[in-house]
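Given next are the chains, with one letter for each unit.
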Amino acid sequence: MNREELVNIMNVRSKPAPLVVGKGNGFRDDEGESNMEPHVGLEFDTAEEAQEFYSAHANQVGFKIRIGQLYRSRSDGSVISRRFVCSKEGFQTNTRTGCAAFIRVQKADTGKWVIASIKKEHNHEFEASGETCPTTRIQRKSFPTPRSSSGGASRTGIRTRDEDSPSSVVEIKRLKKDEMDGVGGGLAREPSKGLEFNTANEAYKFYYAYASNIGFRIRIGQLFRSKHDGSITSRRFVCSKEGRQHPSRVGCGAYMRIQKQETGGWVVDRLQKEHNHEIDRSTDPSRTASAASKGYREEGSSILENLDLVETNEGLSLVKRVRESNIGSDWYNMLLEYFQSCQAEDTGFFYAVEMREGNKGMNIFWADARSRFSCAQFGDAVVFDTTYRRCNYSVPFASFVGVNHHRQPVLLGCALIADESEESFTWIFQAWIRAMSGCRPVSIIADQDRPIQHSIAQVFPGTHHRFSAWQILDKEQENLGALLSMDAEFKYEYETCIFQSLTASEYDSAWNMLMNKYNLRENTWFKEMYRMRKSWVPLHIKGTFFAGIHVDGSLKSYFSPILTAQTPLNEFIVRYEKALEQRREEERKEDFNSFNLQAVLHTKDPIEEQCRKLYTMAMFKVFQKELLECYSYVGIKINVEGAISRYLVQKCGNGEERNTVAFNASNLNISCSCKYFEFEGVLCRHALKVFQIMNIRELPSRYILHRWCKNAKYGILRDVDSAGGSQDFNALMTWSLREESRNYIEAGAASLERYKLAFEIMQEGRRNICWQN
């Protein structure tokens, strides 16, 4: 079958085929019984196959099903998981009984769909087995049955929406096997520049078929719109391994780009066939036409994702979906039992579970006493780690992570996220505040999704929300990938604007130049990122304390690789505790090194010796680097206003690197235009150069942050004095003493002699405390 014949078939409007259940594929026919029960691990070629299978099973048992919630990948927006539920699930209508029966299928790395979880028990009586479900006015598609060892899946017609004419529908007829092979063969011809298509959907199907025949998979890449009317003028279809946002991607550059012509057709104007990875020759070309015929969904269809089609007296209506939990029911029972055992041993252990109507669990939050105590010391800069959203996950596990005085990640709480709604994130953030006695961070690094943005603004007003670096890179590739990869000049100018701008006016000028020069003024993403520039552009971030977490990176995952979002239920707690103990052991080693080892001094500057005594080993190395660098800089006084002198500090031999430092001789206040101290919490080389010029031999204490010092664990005691001893700090002091007593008991119980000594010291200490009263 040639391409013209295929196009003719694609443009034929045919009536949808009725629901057909084929023989010999695990289903019952009109007179037989099913020989396949749904079970975890059962594979399907597509999610539609799974739906058809579950529908046939339901018809045999005596109930009806409907489509439940779906979940999308945060990296490319593709659907990665679906739920098919009993029609009596929920309570939106009088006919529903809140039945919990369902199957959930999840997309595997192989491209197949696997039943990941299932609940077979119903809370209502069944209809007569095999009773035919009444037909509705909705047209239903006919789908293949699950692949079994006895034979391949049947193939059906699928209708898709054509993106050039939203109101029209493209329907493919059901084809016999020999016709299907002919379609695959016709589609699998080599792409070339100048190849024409009637629609973009047709081009997608062509490239999909070609990819399947060669041995790779594709996804929809960037699109470009007209700045005049907003219509789509260009599209890219890329290899599924394009980019590096996911471990499975290797930065492959293969793609096909199509351009819209004045005639309304589309033509291939750019093409890259070379891949940087091995090709999978095991791809089954016979599936090409069936899969490719689905085409792609046009933007905007996601508005239906949060709606359900429900039966009412007036017929069928779209209503807002009731929140469903992504957390399996088994997780609640296991974790609650674990939390109760933790609370028996650790009276400072905190946990909370959100409940919704029907006494069903939703979000879960927990933090042990050590995490709560750590927040009092290191809760000023927080990372809300939701890396589970970047891949297929078994459990939606998130964590609150800070940076300790050794520049190590420190745990500040954990959560399981039931759904990615604003209500869920708001509840989790509020639970974190309750656990941390009202502590609110100065800054937080989290994803830029609107539900998270709104929740942070509501729960943490005044906290600087910075977007996750991985998500910024992901969105850049999605929206500017073509320009960044194919136009070296744009890439240079874009990165210069982002990373080299020193003032707001300089950044605005460079950004406007990019919009005008590259016709991006009507680019929706470009405009939106400018509006949110204070949450991702280094110029606007570096004035806020982020504990030195680099602007183009993120904090190392606290639990990886021991505990991940793919960890199964039966291993979760063991791996969680193992990762926790490993991280805390690393902190104990750094504590020991900081108190018992000394870093080598490289100068005779008294400031270096002062900081060596105070800083931890890791932080002293950071400071020492800045101190040594300052010797290669020169400072020139450029202005004097009363007690305030301003210096231009630049590197010797490099006139481009310049910073302005303001020094107040009356109170020794100093500030630099590089904002390193504000961002990192350590004085920069430029400020240290001015201190050298002014012959300052000792740093003012306000420039040595207590959180970076060896005795940072006792910082809350100093804070209590300054705060007047509020009730919140009483709890913090209790946790601090409990943590020290735990270490004291471990050391004192090592031998009988140590026990006697420890007991005497403890009694003496108690008497001294009592005498003070």
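Peer 1: So what's going on with the packing of helix H10 (residues 469-486) against helix H11 (residues 488-500)? Residues and values would help.
Peer 2: The contact between H10 and H11 brings their axes to 5 Å, and the two run at 125 degrees. The pairing of H10 with H11 is recorded here as oblique in orientation. Residue-level inspection shows Glu 476, Leu 480, Leu 483, Leu 484 and Met 486 of H10 in contact with H11, the latter providing Ala 488, Phe 490, Lys 491 and Tyr 494. Grouping the amino acids of the contact of H10 with H11 by side-chain chemistry returns seven nonpolar, no polar and two charged.

Peer 1: Just give me the short version of H11, but keep the residues and values in it.
Peer 2: Between its first and last C-alpha atoms H11 spans 17 Å; for 13 residues at 1.5 Å apiece the expected length is 18 Å, and the two agree. Looking only at H11, the buried set comprises Phe 490, Glu 493, Tyr 494, Cys 497 and Ile 498. Mapping the buried residues of H11 onto a view down its axis gives an arc of 130 degrees, with all of them on the same face. Looking at H11, the residues exposed on the side facing more than 90 degrees away from the buried face are Ala 488, Tyr 492 and Gln 500. One side-chain oxygen at the N-terminal end of H11 lies 3.2 Å from the backbone nitrogen of Glu 489; it belongs to Asp 487.

Peer 1: Give me the lowdown on the packing of aromatic side chains, citing residues and values where you can.
Peer 2: Per the counting criterion, the structure on display carries 46 aromatic pairs. When the centroid spacing of 6.0 Å and the interplanar angle of 75 degrees are considered together, the rings of Phe 365 and Phe 400 count as edge-to-face. With a gap of 35 residues between them, Phe 365 in strand E16 (residues 360-367) and Phe 400 in strand E18 (residues 397-403) connect regions that are remote in the sequence. The exposure class of Phe 400 is buried, given its relative accessible area of 1%. An aromatic cluster of at least three residues, connected via ring pairs, comprises Trp 331, Tyr 338, Phe 339, Phe 349, Tyr 351, Trp 366, Phe 397, Tyr 558, Phe 559, Phe 572 and Tyr 576. Residue placement shows Arg 83 over the ring face of Phe 102; its charged tip is 4.3 Å from the ring centre. When the ring centre of Tyr 255 is taken as origin, the NZ or CZ atom of Arg 236, which lies over that ring, is 4.3 Å away.

Each value, and the rule that gives it
- Residues numbered from 1 in each chain as written.
- Predicted model: local features only at pLDDT ≥ 70, side-chain atom pairs only at ≥ 80, totals over all residues.
- Heavy atoms only, no water.
- Axes fitted to C-alpha atoms, helices over the stretch in contact; angles between N-to-C directions.
- Helix = DSSP H or I, 4+ residues; strand = E, 2+ residues; numbered from the N terminus.
- Parallel < 35°, antiparallel > 145°, perpendicular 65-115°, else oblique.
- Contact = heavy atoms within 4.5 Å.
- Nonpolar A, V, L, I, M, F, W, Y, C, P; charged D, E, K, R; others polar.
- Expected span 1.5 Å × (residues − 1).
- Buried < 20%, exposed > 50% of the residue type's maximum accessible area, 1.4 Å probe, protein only.
- Arc of directions from axis to C-beta.
- Polar contact = N/O pair within 3.5 Å; in protein donor to acceptor, adjacent residues only side chain to side chain.
- Phe/Tyr/Trp six-rings, centres within 6.5 Å; stacked < 30°, edge-to-face > 60°.
- Lys NZ or Arg CZ within 6 Å of the ring centre and 35° of its normal.

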